[in-house]
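# Structural description and commentary
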Amino acid sequence: MNESRPAMLDVQAIRAEFPVLAQRVHDAGGQGRPLAYLDNAATTQKPLAVVDAVRDFYLRDNANVHRGVHALSERATAAYEGAREKVRAFIGAESAREIIFVRGTTEAINLVAAAWGRANVREGDEILITGLEHHSNIVPWQMLRDAVGAKLVVAPINRRGEVDMEAFERLLSPRTKLVAISHLSNALGTINPVERMISLAHEVGALALVDGAQAAAHLDVDVRRLDADFYAMSAHKMYGPTGIGALYGKREILETMPPWQGGGDMISMVTFDETRYNELPYRFEAGTPHIAGAIGFGHALDWLERVGVANIAAHETRLLDYATERARAFPGLTIIGEAAHKASILSFTLEGVHPHDLGTILDREGVAIRAGHHCAMPVMDFFGVPATARASFAAYNTREEVDALFAALEKARELFA
Amino acid sequence: MFDLRDLYQQVIVDHNKHPRNFRAMQDATHKAEGFNPLCGDRLTLYLKVGADGRIEDASFEGSGCAISTASASLMTEQLKGRTVDEAERLFGRFHDMVTGAPDAPPADAELGKLAVLGGVREFPSRIKCATLCWHALHAALEGQQSVSTE
């Protein structure tokens, strides 16, 4: 990845690649407002390059992969495997065999919990997570815990929304079999020191899984430098299609894992008496995969490489800094999550106006945000709020959209005065 | 264009800020919790139903958005003095109003102040906020402990 100083983005040129952004919402009677899409942590919009790639696949190359001898199947297979190679390169993995296509981060984590977890975690063993995890990095481990009699241990967070690293270290022990941590918190915007956390996990002999759903389009991800054993991500939060994502796993670990789902494509030979499983990564990809999605994912990664993750991150940081400054000056507004290291997310509450009402009011002003618990109910409980409003930024957002957000918040305050 | 003030009418803003009958009830004969997992709204509804089947007292506590809080506040005001059957019928009328049922009769005296919540029909994602307390009412009258809407 580019290590030089980040370049300024040509945001207007980028916006032209996202036709969905150029619309007015609630436009009945011509009274609509220009869309300010600030819900990127839920899902990003898709550039034309991705939309066209998916469309072109169905228009020209559609066929099943890994079986046909005909021209279309060969093209589909080459494009699908080409996308796998793009994922490998994007996260710095050693081999494309370490990249398993899945539906998304949730499925990736469930795969590890089911295949690696059932084979390796025993009664009395511990799985260590943190207090800022998304439900998708909590519930699969609870299911594993209940199935094998293991223990789920939670490293607490502090009032700024950072993991208490002293507690994290203290909670690690030889009983810890796996540490499962978010790289970037979707509810708070906190960047976890995952490199250090992984290194600490390895010191006690535990493996480390990183939930990269929120991070992969905002932070430089290098799985070998991190020394992550597993890294999970979702294409749709990276300018790619929904329904596709990837699990990275170290080859020597994946090799020892039993299959997860049985079916076509994951076998090398089947009789009614026995089945020989296919090699990596196909052993973990039973059934016809989301071929068009994977190809779209590959094009989203091309797009990210072209624009530059570091450039996007610098742009988002400027927007976040500006939004944070305006938020601090806004009467009655409380920022939820003030970690020293944050990216792309501003979570907040406004005195006297419930986040759900804020969501509705902002929507009518053209500003799309998320209001709710962000699939992180324990985080809401920790901060003693039922929900927060969350604005989250991407490459195509502008200062004017941040201004639109605060103008809409002003309107909310007037309505509730 | 549908104005936000049509949804957030002054009566709703007022009932949100100062909810009526916002208290626990020690001698409740019926009680149920309502929970909307989508937005985290949570309320407990209390009823005191007399031997004659009339609702003598209604109250609630919990936390929620303006629509769900105002709706619960207005509902508890409207329930007092009505029979259980009348309360269930009122739920039907209210439900038809906020879902914009095509054959819903125009707001009338029976709905009374509840008519201020009619604007909800223009905001499909908010209908469950308005009906949460009514689902809790129904659950309480049916003897259920809790109800969840999503």
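Just above sits the structure.
### Looking at the overall build of chain A
Across its full length, chain A holds 14 helices and 17 strands. For 417 residues, the compact-globule estimate of 2.2 N^0.38 gives 22 Å, and chain A sits close to it at 22 Å. A buried classification covers 58% of the 417 residues belonging to chain A. When contacts within chain A are restricted to residue pairs at least 6 apart in sequence, long-range pairs at least 24 apart make up 71% of them. For chain A, the accessible surface area stands at approximately 16,600 Å², while carbon and sulfur atoms represent 51% of it. Of the charged side chains in chain A, 42 are positive and 53 negative; the average position of the first set lies 2 Å away from that of the second.

### Some details on unusual backbone geometry
Residues and elements named next belong to chain A. The omega torsion of the bond from L280 to P281 falls at -5°, within 30 degrees of zero and hence cis. Structurally, the position occupied by P281 is in the loop between β12 (275-277) and α10 (291-307). One non-glycine residue with positive phi stands out, namely H26, at about 50°. Relative to the helices and strands, H26 resides in the loop between β1 (24-25) and β2 (33-34). Positive phi is not limited to glycine here, since C375 has a value of about 55°.

### Remarks on the sheet that holds strand β4 (residues 99-102) of chain A
Residues and elements named next belong to chain A. Reading across the sheet, the 7 strands line up as β4-β10-β9-β8-β7-β5-β6 and stay open at both edges, with mixed pairing between neighbours. Both outer strands of the open sheet, β4 and β6 (151-155), are each paired with one neighbouring strand and no more. On average, each strand axis in the sheet is tilted by 20° relative to the strand beside it, whichever way the strands run. Summarising the sheet, strand β9 (residues 230-234) and strand β10 (residues 245-249) pair through 5 bridges and their orientation is antiparallel. Its bridge partner being in β10, S234 is matched across the sheet by G245. Packing of helix α7 (residues 194-203) onto the sheet brings it into contact with β5 (126-130), β7 (176-182) and β8 (207-211), and relative to β8 it is tilted by some 155°.

### Focus: the sheet that holds strand β13 (residues 333-335) of chain A
Residues and elements named next belong to chain A. Taking strand neighbours across the sheet as the criterion, the 4 strands line up as β13-β14-β17-β16 in an open arrangement whose pairing is antiparallel. Looking along the sheet, the strands with just one partner apiece sit at the ends: β13 and β16 (370-372). Averaged over all adjacent pairs, the angle separating strand axes in this sheet is 30°, with direction ignored.

### Things to note about the packing of helix α4 (residues 84-99) of chain B against helix α5 (residues 127-142) of chain B
Residues and elements named next belong to chain B. In the contact formed by α4 and α5, the axes pass within 11 Å of each other and the chain directions differ by 160°. Relative to α5, the element α4 lies roughly antiparallel. Crossing hand, α4 versus α5: left-handed. Counted together, V84, A87, E88, L90, F91, F94, H95, V98 and T99 of α4 and I127, A130, T131, W134, H135, L137, H138, L141 and E142 of α5 form the full contact between these two elements. Its residues assigned to classes, the contact of α4 with α5 shows 11 nonpolar, 5 polar and 2 charged.

### Brief notes about the interface of chain A and chain B
Residue-level contacts link 19 residues of chain A with 25 residues of chain B. Of the roughly 1,800 Å² buried between chain A and chain B, counting both surfaces, carbon and sulfur atoms make up 59%. Area buried by chain A at its contact with chain B is led by A:H356, A:R364 and A:L415, which between them contribute 35% of it. Across the chain A-chain B interface, the total number found is 1 salt bridge. Linking A:D357 and B:R126 is a salt bridge whose minimum nitrogen-to-oxygen distance equals 2.8 Å. Here chain A and chain B share 8 residue pairs in polar contact (both at pLDDT 80 or more) between them. If you list the elements that add at least two residues to the side of chain A that touches chain B, you get α12 (355-364) and α14 (399-415) of chain A. With 5 residues, the top contributor of residues to the side of chain A that touches chain B is α12(A). Considering only residue class, the side of chain A that touches chain B consists of 8 nonpolar, 6 polar and 5 charged.

Reading the values: rules and limits
Residues numbered from 1 in each chain as written. Chains lettered and ligands numbered in written order. Predicted model: local features only at pLDDT ≥ 70, side-chain atom pairs only at ≥ 80, totals over all residues. Heavy atoms only, no water. Helix = DSSP H or I, 4+ residues; strand = E, 2+ residues; numbered from the N terminus. Rg over C-alpha atoms; globule rule 2.2 N^0.38 Å. Buried < 20%, exposed > 50% of the residue type's maximum accessible area, 1.4 Å probe, protein only. Contact = heavy atoms within 4.5 Å. Areas by Shrake-Rupley, 256 points an atom, 1.4 Å probe, with all protein chains shown as cover. Lys, Arg positive; Asp, Glu negative; His and termini not counted. Charge placed at Lys NZ, Arg CZ, Asp CG, Glu CD. Pairing = 2+ DSSP bridges. Axes fitted to C-alpha atoms, helices over the stretch in contact; angles between N-to-C directions. Parallel < 35°, antiparallel > 145°, perpendicular 65-115°, else oblique. Left-handed = near helix turned anticlockwise from the far one by under 90°. Nonpolar A, V, L, I, M, F, W, Y, C, P; charged D, E, K, R; others polar. Buried area = accessible area lost by both parts, 1.4 Å probe. Salt bridge = Lys/Arg side-chain N within 4 Å of Asp/Glu carboxyl O. Polar contact = N/O pair within 3.5 Å; in protein donor to acceptor, adjacent residues only side chain to side chain.

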